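Observations on chain architecture
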Amino acid sequence: MAQSSQTIAQALQWASEQLHSTSESAKVDAEALLLHCINKNRSFLYTWPDKTLSSAQQADFEAMVATRQAGRPVAHIIGEREFWSLPFLVNDTTLIPRPDTEILVESALNLPLADDANVLDLGTGTGAIALSLAYERPSWQVTAIDKVPEAVALAKANRDNLKLGQVEILQSDWFSEVTDKRFDLIVSNPPYIDEADNHLSQGDVRFEPHSALTAKDQGYADLFHIAQTAKSYLTSGGYLLLEHGYQQAIKVREKLIELGYQDVATIRDFGSNDRCTLGRLC
Ligand code: GLN
């Protein structure tokens, strides 16, 4: 238990030490949790290091640090994660948005699409990809689907918070409820981790649903299903852009080529890992 009436600097120091052995990002975690408790911006921590926490703030902070020590992701504790510099509500019904996925958003924005392009995001989860695209391109017609009803509700809550009411969000098992429509761009960050991957028992992913993380066939089942089915939903010249694991690029490229996609190319993320593959249906 920490001392009562810690200053901000002392609280951060204490929490970083507490989290050191269980988190690789102890200091960043401590800052995020404290900011949430005191409801301030990051600069406050360094402008007011000697300000003392109230006893309620202190108690909240200690409880959050203990929860983090038990492994729960910071994003779940504070209920929010930033993606594409936008705030997204998160919960344990779907994937926490990853910084790596920002390369998919950037790649989509770099495509030569019309101002009124039809765009589909499959397995939207929090809505991070679809809503970031709609935020940057308000005139695109963006549709987002997810199979999990709680994820659909979460994506809708994010849509409302971000005031992006033009985005259509549906419950659908991949394309099952997507009818009568052709898209100029289909994007997806589907589950792609091998069900036997031992990373699933480590770190934050332990607290995320397997439905958002793992797929059959060494993680390729959903990637390949989407690549195959998307052909019936793309306009002529439309693009498919898929996120995948850093070791999956070769097989994803081969599959896209086998299915008749052209200009197939892989894009690396900001950590220099192969992360997304793009193809064009002509
Ligand atoms: N990139 C995520 C991870 O490695 C997985 C995301 C996904 O399966 N779509 O944890």
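Within each chain, residues carry numbers counting from 1 in the order of the written sequence. Only residues with pLDDT of 70 or above have their local features reported here, since the model is predicted, and side-chain atom pairs are shown and tallied only from 80 upward, although totals for entire chains, interfaces and linings are computed over all residues. Only hydrogens and water are set aside; all other atoms, that is, all heavy atoms of the structure, feed into the side-chain values.

Looking now at the site of the ligand. Surveying the vicinity of the ligand reveals the residues Leu-95, Arg-98, Asn-189, Pro-190, Pro-191, Tyr-192, Ile-193, Val-205, Ala-212, Leu-213 and Glu-243. Polar contacts here mean pairs of N or O atoms no more than 3.5 Å apart (in protein, one a potential hydrogen donor and the other a potential acceptor; neighbouring residues in sequence count only if both atoms are side-chain atoms). Within the backbone of Pro-190, one N or O atom sits 2.6 Å away from a nitrogen atom of the ligand. In the model, an oxygen atom of the ligand is placed 3.2 Å from a nitrogen or oxygen of the Leu-213 main chain. Summarising the interface, the protein chains cover 84% of the accessible area of the ligand, which totals 300 Å² for the free molecule. Residue proximity to a molecule or strand is established when one non-hydrogen atom of the residue lies within 4 Å of it. We get accessible surface area from the Shrake-Rupley algorithm with a probe of 1.4 Å; when it comes to residues, only the shown protein chains can shield them.

Whether two aromatic rings pair depends on their centres lying within 6.5 Å, for rings of Phe, Tyr and Trp, where Trp uses its six-membered ring; planes under 30 degrees apart make the pair stacked, over 60 edge-to-face, and the rest tilted. Following the criterion strictly, the structure yields 5 aromatic pairs and no others. A ring has a charge above it when a Lys NZ or an Arg CZ is no more than 6 Å from the ring centre and no more than 35 degrees off the ring normal. Over the ring of Trp-140 we find Arg-137, and its NZ or CZ is 5.7 Å from the ring centre. In this structure, Lys-255 is placed above the aromatic ring of Phe-224, and the distance from its NZ or CZ to the ring centre is 4.9 Å.

Moving on, we come to helix 2 (residues 26-38). For helix 2, with 13 residues, the first-to-last C-alpha span of 18 Å sits near the 18 Å given by 1.5 Å per residue. Where burial is concerned, most of helix 2 is hidden: 10 out of the 13 residues are buried. Within helix 2 the residues assigned to the buried category are Ala-26, Asp-29, Ala-30, Glu-31, Ala-32, Leu-33, Leu-34, Leu-35, Cys-37 and Ile-38. What makes two residues a contact is simply this: any of their non-hydrogen atoms within 4.5 Å. The numbering of helices and of strands both runs from the N terminus, where a helix is a DSSP run of H or I of at least 4 residues and a strand a run of E of at least 2. Buried residues in helix 2 make contact with helix 1 (8-19), helix 3 (42-47), helix 4 (55-69) and helix 5 (74-78). Helix span, as expected, comes to 1.5 Å for every residue beyond the first. Three labels apply to residues, based on accessible area from a 1.4 Å probe with only protein chains included: buried if under 20% of the type maximum, exposed if over 50%, partly exposed otherwise in between.

Further remarks concern the side chain of Ser-23. You can see Ser-23 is positioned in the loop between helix 1 and helix 2. At 3.0 Å, the side chain of Ser-23 forms a polar contact with the backbone nitrogen of Ser-25. In terms of polar contacts, Ser-23 uses its side chain to reach the side chain of Arg-68, at 3.4 Å. The contact partners of Ser-23, leaving out residues within four places of it in the chain, are Asp-29 and Arg-68.

As a further point, take the sheet that holds strand 3 (residues 118-122). Note: two strands are recorded as paired if DSSP finds a minimum of 2 bridges between them. The mixed open sheet is built from 7 strands, whose spatial order is 5-4-3-6-9-11-10. Two strands lie at the open edges of the sheet, namely strand 5 (168-171) and strand 10 (262-268), each paired on one side alone. Adjacent strand axes in the sheet meet at a mean angle of 15 degrees, parallel and antiparallel pairs treated alike. Of the strand pairs in this sheet, strand 3 and strand 4 (residues 141-146) are connected by 5 bridges, and their pairing is parallel. Looking across to strand 4, one finds that Leu-120 is bridged to Thr-143. Lying over the sheet, helix 8 (residues 149-161) contacts strand 4 and strand 5, oriented at roughly 170 degrees with respect to strand 5. Helix-sheet contacts for helix 10 (residues 221-230) involve strand 3, strand 6 (183-188) and strand 9 (234-243), and the interaxial angle to strand 9 is about 170 degrees. Geometry is summarised by axes, namely lines fitted to C-alpha atoms with helices restricted to the contacting stretch, and by angles between N-to-C directions that run from 0 to 180 degrees.

What follows deals with the pattern of salt bridges. The term salt bridge refers to a side-chain nitrogen of Lys or Arg lying within 4 Å of a carboxyl oxygen of Asp or Glu. Tallied over the entire structure, the rule returns 11 salt bridges. Where Arg-275 meets Asp-100, a salt bridge forms, and the shortest distance between an N and an O atom there is 3.7 Å. A residue pair is termed long-range when its members are at least 10 positions apart, and Arg-275 in strand 11 (residues 274-281) and Asp-100 in the loop between strand 2 (86-89) and helix 6 (102-109) qualify at 175 residues. Among the residues examined, Arg-275 registers a relative accessible area of 6% and is labelled buried.

UniProt positions are given in the numbering used here, feature names are shortened, and annotations may be inferred rather than shown by experiment. As annotated in UniProt, the feature "binding site: S-adenosyl-L-methionine" (unreviewed entry) corresponds to Gly-123, Thr-124, Gly-125, Thr-126, Gly-127, Asp-146, Trp-174 and Asn-189 in the numbering used here. Its location among the elements puts Gly-125 in the loop between strand 3 and helix 7 (128-136). When near neighbours in sequence (up to four residues on either side) are disregarded, Gly-125 contacts Thr-94, Asp-146, Ala-151 and Ala-155. Within the secondary structure, Gly-127 is located in the loop between strand 3 and helix 7. Judged by its relative accessible area of 1%, Gly-127 falls in the buried class.

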